[in-house]
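For reference, the chains in residue letters:
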Amino acid sequence: MTFVSTADLLAILPELLVMTAGCLVLVLDPLTPKDRKDWLTYLSLAALAAAFVVSYMLMGPLTGFPRRAFSGLYVLDAYGIFWKLLLIVASALVILMAKAYLKLEEIDLPEFYAFILLSLSGMMVMVSGADLLVIYLGLELMSLSLYVMAGFKRYELRPLEAAAKYFILGSFSSGILLYGISLLFGRTGSTTLAGVREGIAALPSGDPILLLAMSLLIVGFGFKVAAVPFHMWTPDVYEGSPTSVTAYMAVASKAASFAAFMRVFMEALGGLKEEWRMLLVAVCVATMILGNVVAIVQTNIKRMLAYSSIAHAGYALIGVVAADAFGMASVMLYLAIYAFMNLGAFTVVTMLRRGGVEGDEIDDFTGLAKRNKWAALVMLLFMFSLAGIPPTGGFIAKFYVFMAAVGAHMPALAVLAVVFAAVSAYFYLRVVMVMYMREPGETAGTPGYNVRVVASPATIVVLLVAAIGVIVLGVFPDQLVKAAQSAILPLR
Amino acid sequence: MPDVILNTTALPHLLTLLIALPLIGVAVMAFFKDEASVKHVAFWTAGLEFVLSLPLYFWFDPSRHQMQFGEVVPWITTPSISYAVGIDGISLWLVLLTTLLTPICVVCSWTAITSRMREFMITLLVMETALVGVFCALNFVLFYVFWEAMLIPMYLLIGVWGGPNRIYAAIKFFLYTLAGSLLLLVAIIVLYFQGGHTFDILALSRAHYSDHMQAWLFWAFFVAFAVKVPMFPFHTWLPDAHVEAPTAGSVILASILLKMGAYGFLRFSLPMLPDASVRFAPVVLALSVIAILYGAYMALAQSDLKKLIAYSSVSHMGFVTLGIFVFNTQGAEGALLQMLNHGITTGGLFLCVGLIYERTHSRLIADNGGLSKPMPRYAACLVIFALSSLGLPGTNNFISEFLVLVGSFIYNKAIAAVATLGIILAAVYLLWMVQRVAFGVPSEKTARLPDLNWCEMATLVPLIILIFWIGVFPNPFLTPMHASIEHVFVLMDRGSGLP
């Protein structure tokens, strides 16, 4: 009996590609002469391209026919591949945007790309795991790489504080997640999603240990997607980490966590749907309110985007709470569109330099339209998209989660969501306001003065992809909608 | 969709062309480096747009209530949303008003805008696309996309090119209207589930909704539309936005944007929610009458010309909502004509204020006295617009306000009587304003002002022609409305019936 068959290996071929490339970058780093280090970046991008193509080819015959691998611990289905494609694209864009930024910050080390790849492989395992422990392994691989990346500016205090905070709180939440998994195992005798589902079905309803386990899982995943009240780490970590890492956390790690979150709750805990929906509604409402309201008073754009990312987690949670096919598709759609607009916004942040440091105060955007009209224009686009104003992608994303809420007979949730969407317009528009309606010298003497805009070909590519993505997904969303709707998990 | 007709004309995709043409103009601008050419591109785009919109009137079949020049193309599969456009006798006039005023706005900004000319023209043209789209959309989601998309250019128009307090005005405008319209979005989604899983406006207008549901939806619609109109007490963003906006912004805001709210009442609230409309009509009518009187009363007290006209807009738009919610043909046609007239007259008044502001850099009545001597042509135009605004017989507003009052008299005599007071107050504040601005003693500064040149006259003359045309011979304007307005009441009748 062989433990690993060719079919199994084929199923994880994209993961293998990414993981191997990540290790290869680490190994080749000391062997590469200093002036050739860029080749390692290209190697990472090539691995991502290969993984994208392989994933895409695996997608074709899968729609509706999931294939299991590694004795049912791993599943290859359209759902997982949708997320993988999204994560691969997001990672590639992060690598591109990081290149120029890391050079400016003088921390352009090949390890960065290796950690992106390792983290990505963790995410890919997460979205395809059919076993709670496999998902946990993927989650830890993702998180450990992110902890290191958060402290990548290792000579500065703030990034180190961010990394330490992230590590401690992250480990704590992982522990809680693991505790939840162990309780589930104790009650149901299984860690596979299918086994847990059967175990729950066999137990009488209202089993207190099951409910405790479910709550612990919500805490664990809530931490990863930055939902209130498990969001405390987000502002500090987002502000302190290098901006490219922040973007990666806000987009990719959030998407992967949502993917695993939904898979675990729809597949394994489908039997407790009424219970977890009740809890999640509260989390969702709190997340939307706190994220949007606290973002208003921020003066640092990374902190503002941190609270905005909390708020967006709240919107995406609406789709999870809806807990039906439409809701699931709306979450996938939301995070896909969110990836483009958020990556774009963070990329613009990396381009601003105030003296030798990054211009991450909102005041640094003052008069940007006069300094660099293209940077200001795309930032305007991303801000309006984050606020959910048509014809941008952000509107489509919000439209679908609102549809999901009303479709699941929760119009009150939709009303609450739109009220706080209106609130959010205030702080997104503030960025537009300082860029377009203030003169560059207007804040002389304050940090806004003497801000340069540094553009490199790689950042321009990222901005173009993000801007075109935001517009195309806003005007012609049908392809992505169809893709998301055909890739949902089977409802049980 | 049986309610949408594709008129077999020489221009098959006319409405789509009208929606897209301003964007094409924006793309063409990219090929020109200097600002002078950019202005010309903007002007010719807007001009061509107007010329192309004229066939809408000539090829329009006034005997039918159906949507004409229709186009339906699938847009999103699940939920089924199509790109559906078409116009009837209601939207026809608002589309034409938009295409007429945009080139005028381009011309009036020719020298008035001194910074970022290219961005200004782009904003103006994007605005035109959104506005034409709003009035043509036959799918609720499509409607909403245009309805909201319009916020972006308007926010920039006020905030970038506005007066000293522009940032406050821009954000106030944006948040007010966004908060209102987001509730509309939820209402649209609820309608989808209640009205048979469709976003088709015409199908939704035929479906039945429970009384309870209608009440909820009515108020969600009401907030969105009332903020846009704006009705008392949602009007407070309007004076700020008008005062700070550049002339072109004020003209678009007053003449077209405010109509979106009234259009919403006529297109959505009445046909879709007939029972709730009838049930809550007293509230709307009371607010309308308050707006008429309160707007006029506030206008009396203003020393700033733009603020005066802004409050007069609140008053005049009160007649529109009054006419819509008395549920008879006279009232509704009067309201629709009043929308058109208010667009023409108030647009003209704002242009006049802009012209004098360019010369004296003040909008205060006190700073702009006695203009009839140095600027006779200007004074003449101002007097004509003012007289039209106060509803002098022979001008356009007389016809529409008369129709609205006839309609409200049929509905309730007391309301008509009180609303008439608004016309008297209008005469007071407008004549007083004209007396001070046109016929006072010119100060040293104003005595040497140059009169209007031909280019400036060209922006006002078309509006003056329309004022007298509608005032003397309104039939060509009323005829296309009849069938469509009648149809609104046919749709309403499927409810519990009219009073």
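Quick note: structure is the one above.
Residues numbered from 1 in each chain as written. Chains lettered and ligands numbered in written order. Predicted model: local features only at pLDDT ≥ 70, side-chain atom pairs only at ≥ 80, totals over all residues.

## Observations regarding the overall build of chain B
Put simply, the rule reads: Think of it this way: any DSSP run of H or I at least four residues long counts as a helix, any run of E at least two long counts as a strand, and we number them from the N terminus. Each radius of gyration reported is based on C-alpha atoms, and the globular scaling rule is 2.2 Å times the count of residues to the power 0.38.
When you go through chain B residue by residue, the secondary structure sums to 20 helices and two strands. For chain B, the C-alpha radius of gyration of 21 Å lies close to 23 Å, the compact-globule estimate for 499 residues. Overall size of chain B, expressed as C-alpha extent along the three principal axes, is 70 × 60 × 40 Å.

## Structural notes on the overall build of chain A
Basically, it comes down to this: Exposure is read from a count of other C-beta atoms within 10 Å of each residue's own; the residue is exposed at 12 or fewer, buried at 20 or more and partly exposed in between. C-beta atoms are placed from the backbone. Residue pairs are scored as contacts if the distance between their C-beta atoms, which are placed from the backbone, is within 7 Å.
Tallying secondary structure elements over chain A gives 20 helices and five strands in all. Computed over C-alpha atoms, the radius of gyration of chain A comes to 22 Å, within 12% of the 23 Å expected from 2.2 N^0.38 for 492 residues, which places it in the range of a compact globule. The dimensions of chain A, computed from C-alpha atoms along their principal axes, are 70 × 60 × 40 Å. Here chain A holds 492 residues, and the buried ones make up 62% of them. For chain A, long-range pairs separated by at least 24 residues make up 79% of all intrachain contacts whose partners lie at least 6 apart in sequence.

## Side note on the nonpolar core
The test is simple: Here, a nonpolar core denotes buried Ala, Val, Leu, Ile, Met, Phe, Trp, Tyr and Cys residues that are linked to one another through C-beta atoms within 7 Å.
The biggest cluster of nonpolar side chains holds 417 residues, and the ones touching the most others in it are A:M379, A:F402 and B:V186. Sequence-distant contacts of A:M379, that is, excluding residues within four places in its chain, are made with A:A345, A:V348, A:L368, A:V431 and A:M435.

## Here we look at the packing of helix α4 (residues 117-136) of chain B against helix α6 (residues 151-161) of chain B
Residues and elements named next belong to chain B. Convention followed: The angle between two axes is taken between their N-to-C directions and runs from 0 to 180 degrees, where each axis is a line fitted to C-alpha atoms and a helix contributes only its stretch in contact. Roughly parallel here means an angle under 35 degrees, roughly antiparallel means over 145, roughly perpendicular means 65 to 115, and every remaining angle is called oblique. Handedness of each helix crossing follows the sense of rotation of the near helix against the far helix: counterclockwise by less than a right angle gives left-handed, clockwise gives right-handed. In this count, Pro and Cys sit with the nonpolar residues alongside Ala, Val, Leu, Ile, Met, Phe, Trp and Tyr, while Asp, Glu, Lys and Arg are called charged and the others, Gly among them, polar.
Orientation of α4 relative to α6, taken along the N-to-C sense of each, is 150°, at an axis distance of 9 Å. Between α4 and α6, the crossing angle belongs to the class labelled roughly antiparallel. Judged by the sense of rotation from one axis to the other, the crossing of α4 with α6 is left-handed. Packed against α4, whose contacting residues are F120, T123, V126, M127 and A130, the element α6 presents P153, M154, L156, L157 and W161 at the interface. Residues belonging to the contact of α4 with α6 are distributed by class as follows: nine nonpolar, one polar and no charged.

## So, the interface of chain A and chain B
If you look at the interface, chain A gives 25 residues, while chain B gives 27 residues. If you list the elements that add at least two residues to the side of chain A that touches chain B, you get α17 (393-407), α18 (411-437) and α20 (478-486) of chain A. At twelve residues, α18(A) tops the list of elements feeding residues into the side of chain A that touches chain B. Here the residues of the side of chain A that touches chain B sort into 21 nonpolar, two polar and two charged.

## Things to note about the packing of α4(B) against helix α5 (residues 140-149) of chain B
Residues and elements named next belong to chain B. Interaxial distance between α4 and α5 falls to 8 Å at its minimum, and their mutual angle equals 150°. Between α4 and α5, the crossing angle belongs to the class labelled roughly antiparallel. The chirality of how α4 crosses α5 is left-handed. Between α4, through A130, G133 and V134, and α5, the contact on the second element is made entirely by F143, F146, W147 and A149.

## Points about unusual backbone geometry
Trans peptide bonds make up most of the peptide bonds, and negative phi angles are found at most residues other than glycine. The linkage connecting A:P390 with the following residue, A:P391, adopts the cis geometry, with an omega of 5°. Inspection of the secondary structure assignment puts A:P391 in the loop between α16 (373-387) and α17. Cis rather than trans, the peptide bond between B:V229 and B:P230 has omega equal to -15°. By secondary structure assignment, the location of B:P230 is in the loop between α9 (211-228) and α10 (237-244). Unusually for a residue other than glycine, B:F69 sits at a positive phi of about 55°. Take B:F69: it is sitting in strand β1 (residues 68-76). You can call B:F69 buried: it has 27 C-beta atoms within 10 Å.

## Description of the environment of B:L238
Residue and element names in this part refer to chain B. Topologically, L238 is positioned in helix α10. Note on L238: 28 C-beta atoms within 10 Å, which makes it buried. Along the primary structure L238 and G162 are separated by 76 residues, whereas in three dimensions their C-alpha atoms are 14 Å apart.

## Let's talk about the sheet that holds strand β5 (residues 451-453) of chain A
Residues and elements named next belong to chain A. Applicable threshold: A pair of strands is labelled paired if DSSP reports no fewer than 2 bridges between them.
An order of β4-β3-β5 is seen for the three strands of this open sheet, with the pairing classed as antiparallel. In this open sheet, the two strands that pair with only one neighbour each are β4 (357-358) and β5. One ladder, built from two bridges, connects strand β3 (residues 352-354) with β4; its direction is antiparallel. Within β4, the residue paired with R354 across the bridge is V357.

## Overview of the environment of B:D211
All names here are of chain B. Here D211 lies in helix α9. Among the residues examined, D211 registers 12 C-beta atoms within 10 Å and is labelled exposed. As for D211 and A276, which are separated by 65 residues in sequence, their C-alpha atoms are 6.9 Å apart.

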